[in-house]
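Each chain, written out:
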Amino acid sequence: MQLLRAYLSLLVTACKQETPAAAPLLPVHTAVAQSISADTGTKYSANIVPYAQVDLSFKSNGYVERIHQVKNPSGGIRNVDQGDRIAQGTVLAVVSQQDYIDKLQQAEAQLARGQAEQEKAKLSFDRVSSLYSTQSATKPDYDSAKAQMDSTNASVSGAHAQVSEAKVALAYCSLRAPFNGWLIKRSIDLGSLVGPTTNGFTLADTSSVKAVFGVPDIFISRVRLGQHLVISTDALSHTVDGRVSAISPAADQKSRVFSVEVTIPNPKDELKSGMIASLSLDGGRLQQSALVVPLAAVIRDPAHSNGFAVMVADGSGDLVSARLQSVDLGDTSGNMIVVKGGLTSGERVITTGVTLIRNGDKVRVIP
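About the thresholds
Residues numbered from 1 in each chain as written. Predicted model: local features only at pLDDT ≥ 70, side-chain atom pairs only at ≥ 80, totals over all residues. Heavy atoms only, no water. Helix = DSSP H or I, 4+ residues; strand = E, 2+ residues; numbered from the N terminus. Buried < 20%, exposed > 50% of the residue type's maximum accessible area, 1.4 Å probe, protein only. Contact = heavy atoms within 4.5 Å. Areas by Shrake-Rupley, 256 points an atom, 1.4 Å probe, with all protein chains shown as cover. Core = buried A, V, L, I, M, F, W, Y, C linked by side-chain atoms within 4.5 Å. Phe/Tyr/Trp six-rings, centres within 6.5 Å; stacked < 30°, edge-to-face > 60°. Lys NZ or Arg CZ within 6 Å of the ring centre and 35° of its normal. Lys, Arg positive; Asp, Glu negative; His and termini not counted. Salt bridge = Lys/Arg side-chain N within 4 Å of Asp/Glu carboxyl O. Polar contact = N/O pair within 3.5 Å; in protein donor to acceptor, adjacent residues only side chain to side chain. pLDDT = per-residue confidence, 0-100. Axes fitted to C-alpha atoms, helices over the stretch in contact; angles between N-to-C directions. Parallel < 35°, antiparallel > 145°, perpendicular 65-115°, else oblique. Left-handed = near helix turned anticlockwise from the far one by under 90°. Nonpolar A, V, L, I, M, F, W, Y, C, P; charged D, E, K, R; others polar. Expected span 1.5 Å × (residues − 1).

Draft legend 1. Quick peek at the overall build of the protein chain. Counting secondary structure elements, the protein chain contains 3 helices and 24 strands. Residues classed as buried in the protein chain amount to 35% of the 367 residues present. Contacts spanning at least 24 positions in sequence make up 74% of the contacts within the protein chain whose residues lie at least 6 apart. Accessible surface for the protein chain amounts to roughly 21,600 Å². Of this, 52% is attributable to carbon and sulfur atoms.

Draft legend 2. Up close: the nonpolar core. Counting residues in each nonpolar core, the largest one holds 40 residues, and the members touching the most others are Phe213, Val215, Ile264 and Leu343. Discounting chain neighbours no more than four positions away, the residues touching Val215 are Tyr44, Ile220, Val223, Val257, Phe258, Val260 and Leu281. Counting residues in hydrophobic clusters, the runner-up holds 28 residues, among them Leu56, Leu92, Ala107 and Leu170.

Draft legend 3. Just the packing of aromatic side chains, in detail. In the structure shown here, the tally under the stated rule is 3 aromatic pairs. Taken together, a centroid distance of 5.8 Å and an interplanar angle of 40° make the contact between Tyr44 and Phe213 tilted. Highlighted residues: Tyr44 in strand 4 (residues 43–57) and Phe213 in strand 13 (residues 199–216), separated in sequence by 169 residues. When the centroid spacing of 5.5 Å and the interplanar angle of 45° are considered together, the rings of Phe125 and Tyr142 count as tilted. Taken together, the positions of Phe125 in helix 2 (residues 98–133) and Tyr142 in helix 3 (residues 139–171) put the pair 17 residues apart, joining distant regions of the chain. Each member of the pair, Phe125 as well as Tyr142, is classed as buried. In this structure an aromatic cluster arises from ring pairing among Phe125, Tyr132 and Tyr142. Seen from the ring of Tyr51, Lys210 lies directly overhead, with NZ or CZ sitting 5.9 Å from the centre. A cation over a ring is seen here: Lys272 above Trp182, with NZ or CZ 5.6 Å from the ring centre.

Draft legend 4. Representation of the side chain of Thr90 within the structure. Tracing the chain through its elements places Thr90 in the loop between strand 8 (85–86) and strand 9 (91–95). Excluding anything up to four places from it in sequence, Thr90 contacts His68, Leu175, Arg176 and Ala177.

Draft legend 5. The side chain of Asp205, seen in detail. Note that Asp205 resides in strand 13. It turns out Asp205 is buried and unbridged, and the closest side chain with the opposite charge, Arg85, is 5.8 Å from it. Side-chain polar atoms of Asp205 contact the side chain of Ser207, separated by 2.8 Å.

Draft legend 6. Expanded view of the confidence of the model for the protein chain. Of all residues in the protein chain, 90% have pLDDT values of 70 or greater, and the mean over the chain is 86. Taken element by element, the protein chain is modelled with least confidence in helix 1 (residues 2–16), mean pLDDT 48, and with most confidence in strand 9, mean pLDDT 94. Taken as a whole, residues 283–287 scores under 50 in pLDDT and shows 14 contacts with residues more than four places along the chain or in a different chain.

Draft legend 7. Geometry of the pattern of salt bridges. In this structure the tally under the stated criterion is 10 salt bridges. A salt bridge links Arg300 to Asp217; its shortest N-O distance comes to 3.8 Å. Of the two residues, Arg300 sits in strand 19 (residues 299–300) while Asp217 sits in the loop between strand 13 and strand 14 (228–233), which places them 83 residues apart along the sequence. In this structure, the salt-bridge partner of Asp314 is Arg323, at a minimum N-O distance of 2.6 Å. Given a relative accessible area of 30%, Asp314 falls into the partly exposed group. Three or more residues are tied together by salt bridges with common partners; here these are Asp81, Arg186 and Asp189.

Draft legend 8. Spotlight on the packing of helix 2 against helix 3. Following both chains from N to C, one finds helix 2 and helix 3 inclined at 160°, their axes separated by 8 Å at the closest point. As judged from the angle between their axes, helix 2 and helix 3 are roughly antiparallel. Note that helix 2 runs across helix 3; the crossing there is left-handed. A per-class count over the contact of helix 2 with helix 3 returns 18 nonpolar, 11 polar and 8 charged.

Draft legend 9. Broad picture of the environment of Ala250. Secondary-structure assignment places Ala250 in the loop between strand 15 (240–247) and strand 16 (257–265). Relative accessible area serves as the criterion here: at 48%, Ala250 is assigned to the partly exposed category. Once the C-alpha coordinates of Ala250 and Asp217 are considered, the two residues, 33 residues apart in sequence, prove to be 9.7 Å apart.

Draft legend 10. Representation of helix 3 in the model. Here helix 3 is 33 residues long and its end C-alpha atoms lie 48 Å apart, about the 48 Å a rise of 1.5 Å per residue gives. The set of residues buried in helix 3 consists of Tyr142, Ala145, Met149, Thr152, Val156, Ala159, Val163, Ala166 and Leu170. Those residues of helix 3 that are buried are in contact with helix 2 and strand 10 (174–176).

Below you can see the structure in the form of structure tokens.
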């Protein structure tokens, strides 16, 4: 009877357990495969950045007592500020130097004292050494004089190092421009208390600039170091030439594209940091009528190592099923890519979270 009661109790408890909640569906975005007419080559959008840009930081502690002055277009002079052209070696700011001057003078005084003691020890050693050579001085006297001279030599070497260190610290009170460039930012004012790593200025070298853009893995083989490319911008009426100077060895984890840099000579400062440029990797042309999908929708085909696929959203409304569909790809046009086969116009493809979805999964389409 007790066993029967225990069994019934367990049965009732099991019946009362709630059914586990279903896992939430993955939210995704979709895009419609559509036909477009295009007569442009495989183009990419690039961002213009300086060839070099550095944050100039202080190394010495103290209050800013001077900032580089420039002529004001409206008359008079003013502190240097963003947009000003800076020559290499220009002293942009000076930290109060008195403490460092005092330390240098102390180190020089210590050096002078050490040199005097060194000279005295050397004369004593020369005298004892001469007496020792005629056996008029004992060996302990000779050893003592030699030890004293060696000690003063070491003291002088240490004093020289202290003077050198004090000079370097004094020099660091002046913050200098390491190259010719444009001042992007000034972060200090007269009287600002600064210390090591305090950022005072941001300087950019735009004698050359870099056009940075992303290339998907299916086209990265078309890019090579030293490759000549033609770049155009809306800001300039003419095109400019550049060469590929860097190719990222790994794709970005989020966008899944490889970063490519094209270095462009900019002697007239026509190209500014932040401009948007466009360029073409080759002279290929798209067909007059081509079916395209976003690049973000394309994944590697798990059934074919060298093939590609997309996830088609089957169904209507918000809840759809993901279907893996192999596709034959063509050239790119901006952030779109031509699909030569495998899709028809009007089909919806999933563009976000594609790598997280398996064939047949249910997903939720969000606007």
